[in-house]
Amino acid sequence: MKITSYGHACFGIEINGVHIVIDPFITGNPQASNIDLDSVNADYILVTHAHQDHILDVEALAKKTNALLISNYEIVMHFGEKGVKGHPVNHGGTFTTEHFTAKYVNAVHTSSFPDGTYGGQPGGFVITAGDKSLYVAGDTALTMDMKLIPMTTNLTASILPIGDNFTMGVDDAVIATEFVECNKVIGCHYNTFPPIEIDTEKAKEKFSNKEKELILIEIGDSINL
Ligand code: NI
Ligand code: MN
């Protein structure tokens, strides 16, 4: 499982040549100006909720790549009207392909489209392929529901928001790491806008003090799980 950062909460996940893109928000992110949307591969686009900083490039990317959109019912219907093909899920449900599974799990957040219309309830995904599982929390507060995940899944890593203000911050993300019983964290949703600016060195230190690992992938860079 290869994970590429496209900035903010947008990641590419490559599994045996199959490309998943999470929460495409590239053209609206000045920090991701080195990423050319036309160079991004997608077979599947997974969207956690309807906020602008998670959906901005869904339509363009889906139409360019013919990717299948996996998200909650309301988001899939919204983009379906624009000609994007999709597959709706709801909380607790799992989308299954021969390459991976993606379970839509609970998140504590809100989910309206930029025009204020209802974007369904927000979620996260647990993506499993072979013996690797990745928890993509989406925008969320720390929640006891995270404790449900290790009851069924041994996680390899988690992508957690750490920027505070709109989501949990670093201290709660450290606790989330305990809830999901996985010490390897890839941070997201920080330093994109002034309200979510953090001290990244201090954040890494808070994780390492608890014998956990916080990985901050440079935009455009990849890691292998
Ligand atoms: Ni949000
Ligand atoms: Mn967000």
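Residues numbered from 1 in each chain as written. Chains lettered and ligands numbered in written order. Predicted model: local features only at pLDDT ≥ 70, side-chain atom pairs only at ≥ 80, totals over all residues. Heavy atoms only, no water.

Draft legend 1. Broad picture of the overall build of the protein chain. For the protein chain, the helix and strand inventory stands at six helices and 14 strands. Taking 17 Å as the expected radius of gyration for a compact globule of 225 residues, we find that the protein chain reaches 16 Å, a close match to that expectation. Principal-axis analysis of the C-alpha atoms places the extent of the protein chain at approximately 50 × 35 × 35 Å. When each of the 225 residues of the protein chain is scored for burial, the buried share is 53%. Long-range contacts, defined here as pairs at least 24 residues apart, represent 59% of the contacts in the protein chain between residues at least 6 apart. Within the structure as shown, the protein chain displays about 9,800 Å² of accessible surface, and the carbon and sulfur contribution to it stands at 45%. The averaged location of the 28 negative side-chain charges in the protein chain is 4 Å from the averaged location of its 14 positive side-chain charges. (Helix = DSSP H or I, 4+ residues; strand = E, 2+ residues; numbered from the N terminus. Rg over C-alpha atoms; globule rule 2.2 N^0.38 Å. Buried < 20%, exposed > 50% of the residue type's maximum accessible area, 1.4 Å probe, protein only. Contact = heavy atoms within 4.5 Å. Areas by Shrake-Rupley, 256 points an atom, 1.4 Å probe, with all protein chains shown as cover. Lys, Arg positive; Asp, Glu negative; His and termini not counted. Charge placed at Lys NZ, Arg CZ, Asp CG, Glu CD.)

Draft legend 2. Geometry of the coordination of the nickel ion (ligand 1). Only His 49 (NE2), His 51 (ND1), His 109 (NE2) and Asp 139 (OD) from the protein reach the nickel ion (ligand 1) as donors, at distances of 2.2 to 2.3 Å. Bound by four donor atoms, the nickel ion (ligand 1) shows angles of 88 to 177° at the metal and therefore irregular coordination geometry. The sequence motif formed by the donor residues of the nickel ion (ligand 1) is H-x1-H-x57-H-x29-D. (Donors = N, O, S within 2.8 Å, 3.2 Å for Na, K, Ca; no water. Tetrahedral: all angles 85-135°; square planar, octahedral: opposite > 155°, others 65-115°.)

Draft legend 3. Quick peek at the environment of Lys 63. By secondary structure assignment, the location of Lys 63 is in helix H2 (residues 58-65). Taking C-alpha positions, Lys 63 is 31 Å from Ile 196, a pair spaced 133 residues apart along the chain. The contact partners of Lys 63, leaving out residues within four places of it in the chain, are Lys 82 and Gly 83. In terms of polar contacts, Lys 63 uses its side chain to reach the side chain of Glu 59, at 2.8 Å. At 2.6 Å, the side chain of Lys 63 and the backbone oxygen of Lys 82 are in polar contact. (Polar contact = N/O pair within 3.5 Å; in protein donor to acceptor, adjacent residues only side chain to side chain.)

Draft legend 4. Spatial organisation of the pattern of salt bridges. Within this structure, the stated rule accounts for four salt bridges. Linking Lys 206 and Asp 171 is a salt bridge whose minimum nitrogen-to-oxygen distance equals 3.0 Å. With Lys 206 in helix H6 (residues 200-209) and Asp 171 in helix H5 (residues 170-179), this pair connects stretches of sequence that are 35 residues apart. A relative accessible area of 32% places Lys 206 in the partly exposed class. A salt bridge links Lys 212 to Glu 178; the shortest N-O distance between them is 3.9 Å. Residue Lys 212 is found in the loop between H6 and strand S13 (213-215), and its partner Glu 178 is found in helix H5; the two are separated by 34 residues along the sequence. Note on Lys 212: relative accessible area 11%, which makes it buried. Residue Glu 178 is classed as partly exposed on the basis of its relative accessible area of 44%. (Salt bridge = Lys/Arg side-chain N within 4 Å of Asp/Glu carboxyl O.)

In short, the description is geometric, and any link to function would need to be established separately.
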